[in-house]
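Descriptive structure summary
Residue strings, one per chain:
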Amino acid sequence: MKVIVTVVEKIISEAHIDIPDGLNQSAIKQHIIDRYNSGEMLTDMNIFQVDFESISARIVQEQTDINSIYASEVKS
């Protein structure tokens, strides 16, 4: 018997970055978005918290027959 297990987690990452002084709220937001989109901030990210959302298992009997069971489910 083959079982496919799917675990869903919410991962919260934290980065400590330097932002130029004198920027307004909109400019700060744009600066952070630009750093993230360029991939520059990804190396600064550290996993801060992982929250378990759910776990499920699908029992695969044949290629065309997939039954789903939910082992447990937790919502934060």
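Residues numbered from 1 in each chain as written. Predicted model: local features only at pLDDT ≥ 70, side-chain atom pairs only at ≥ 80, totals over all residues. Heavy atoms only, no water.

**Details of helix α1 (residues 25–37)**
The terminal C-alpha atoms of α1 lie 18 Å apart, and with 13 residues this matches the ideal 18 Å at 1.5 Å per residue to within 8%. For α1, the N-terminal capping position is held by N24, with its side-chain oxygen 3.2 Å away from the main-chain nitrogen of S26. Just beyond α1, the residue with positive phi is G39, at close to 85 degrees. (Helix = DSSP H or I, 4+ residues; strand = E, 2+ residues; numbered from the N terminus. Expected span 1.5 Å × (residues − 1). Polar contact = N/O pair within 3.5 Å; in protein donor to acceptor, adjacent residues only side chain to side chain.)

**What about the confidence of the model for the protein chain?**
Close reading of the predicted structure is inappropriate where its pLDDT is low. Looking at the protein chain, pLDDT values average 82 and 80% of them are 70 or higher. Confidence drops under a pLDDT of 50 for residues 71–76, and excluding neighbours within four residues, the segment shows 13 contacts in the predicted structure. (pLDDT = per-residue confidence, 0-100. Contact = heavy atoms within 4.5 Å.)

**Overview of the pattern of salt bridges**
Applying the stated criterion across every chain yields a total of three salt bridges. For E40, the salt bridge is made with R35, and the minimal N-O distance between the two is 3.4 Å. Take R35: its relative accessible area is 13%, and that puts it in the buried class. For R35, the salt bridge goes to D44, with nearest N and O atoms at 3.2 Å. When its relative accessible area of 28% is taken as the criterion, D44 is described as partly exposed. A single salt-bridge network, built from bridges that share partners, covers R35, E40 and D44. (Salt bridge = Lys/Arg side-chain N within 4 Å of Asp/Glu carboxyl O. Buried < 20%, exposed > 50% of the residue type's maximum accessible area, 1.4 Å probe, protein only.)

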